[in-house]
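This is what each chain is made of:
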Amino acid sequence: MSLPNFNIGILGHVDSGKTTLAKALSQVASTASFDKNPQSKERGITLDLGFSSFTMPYPAHLGSSHEELLVTLVDCPGHASLLKTVIGGAHIIDMMILVVDIMKGIQTQTAECLVIGELTCDNLLVVLNKIDLIPAEKRDAQVAKVTKKIGVTLSKTKFTTTQIISCSAGSNIGIKELVNVISNNVKLRARDTEGDFVFAVDHCFGIRGQGTILTGTCLSGAISVNSPIKISDTKLERKVKSMQVFRRSVDRISAGDRAGVCVTQFDAKQLERGLVYTGSAVQTVHALVVDLHKVPYYRGAVTGKTKYHVSVGHETVLGRLTFFSGEREFSFANRYSFEETFPEESGDGVFALLELENSVQCVARSMVIISRLDIDINSPTCRL
């Protein structure tokens, strides 16, 4: 029987030690982990999502149905220019670890990652990293000082009771304690394993003599070896030749699992990222009706004349908004009032027709994150 999987996203400002922490926690690395991208090695920063894993004893508070829990780590880039990649990684996680360089405290992208966490996740841990850089006699006082400051910031979010842990990933200080804290905070979400299979692909590559490998996370449903799947918007259907979960061959995967799916007679150049699925759950759309909620930290006016960056899963495209308000539950049978801009004080439901410059693939009721990635990355302004 396959192990239940728990996905943890590691987010934070560039150079806060996220990849080093992922290495310190991991037992198995995937083909896309620890900055294996040549450009990442050249520039010395994470440029793409990295995946690795470790197993822990099954947390006692979850019962005794399993002996072990598989934990998948999603190492997200920290550079401001890669925010859309971070958004893509955040939508597949069950818990977020926000890494803070204890010497620098909360920085611009730390704050943006916290906003993303508020939108996509209900389970957060904060890790104060690099405590080995503080002299031993001053360490406790510095940890207490930074913990207090971060606590004030968290008090203004939904993460008011979040635990803050200190460690040094590079020196392996506090890693065992961090694993224990993770174990105590695991919350397994209910998974939809009965509906259509939907699999978010984040990497695609060929292996000579075997086929093409699609690596990603199962968002819903389940699939078995030899089952047919539809590949993104290519309109191609291929059978699953084999599957692996972190180098371990499996016959079946289901919602929540991180896996590599092997298919034959498919050119890896046809797909970089996208959705693989069965049935009709996934649709290719040029426009969407969305239920809008404004991020309180975004200070600018939200108008219908502006082009915004629209992120749905791993895809980010440009789009325009036409606002309307009325009944809180949307229905095509209802009448709505046109709005020039987002109505800040409206007590009604606020919706928008979102028209996209390029089509995207999505399922009904997908989360859509709208941003202004054209804002200067050096500006201390929220872009979400």
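What you see is a predicted model, and the numbers here were worked out from it, not measured in a lab. (Residues numbered from 1 in each chain as written. Predicted model: local features only at pLDDT ≥ 70, side-chain atom pairs only at ≥ 80, totals over all residues. Heavy atoms only, no water.)

Explain the environment of Gly105 to me, and be specific about the residues and the numbers.
Its location among the elements puts Gly105 in the loop between strand E5 (95-101) and helix H4 (108-120). Overall, the relative accessible area of 12% leaves Gly105 in the buried class. Residues Gly105 and Val146 lie 41 residues apart in sequence; the distance between their C-alpha atoms is 6.6 Å. For Gly105, the residues in contact, after removing those within four places along its chain, are Val100 and Thr110. (Helix = DSSP H or I, 4+ residues; strand = E, 2+ residues; numbered from the N terminus. Buried < 20%, exposed > 50% of the residue type's maximum accessible area, 1.4 Å probe, protein only. Contact = heavy atoms within 4.5 Å.)

Report on the packing of aromatic side chains, specifying residues and quantitative values.
Counted by the stated rule, this structure contains 9 aromatic pairs. Arranged with centres 5.9 Å apart and planes meeting at 25°, the rings of Phe324 and Phe351 form a pair that is stacked. Here Phe351 lies in strand E21 (residues 349-362) and Phe324 lies in strand E19 (residues 315-326), a separation of 27 residues in the sequence. Just as Phe324 is buried, Phe351 falls in that class too. A centroid spacing of 5.0 Å and a plane angle of 80° characterise the contact between Phe330 and Phe332, whose relative ring orientation is edge-to-face. By relative accessible area, Phe330 is classed as partly exposed at 29%. Here Phe332 falls in the exposed class, since its relative accessible area comes to 75%. An aromatic cluster is defined as three or more aromatic residues linked by ring pairs; in this entry it consists of Phe324, Phe330, Phe332, Tyr336 and Phe351. Sitting over the face of the ring of Phe51, Arg258 holds its NZ or CZ atom 3.3 Å from the ring centroid. (Phe/Tyr/Trp six-rings, centres within 6.5 Å; stacked < 30°, edge-to-face > 60°. Lys NZ or Arg CZ within 6 Å of the ring centre and 35° of its normal.)

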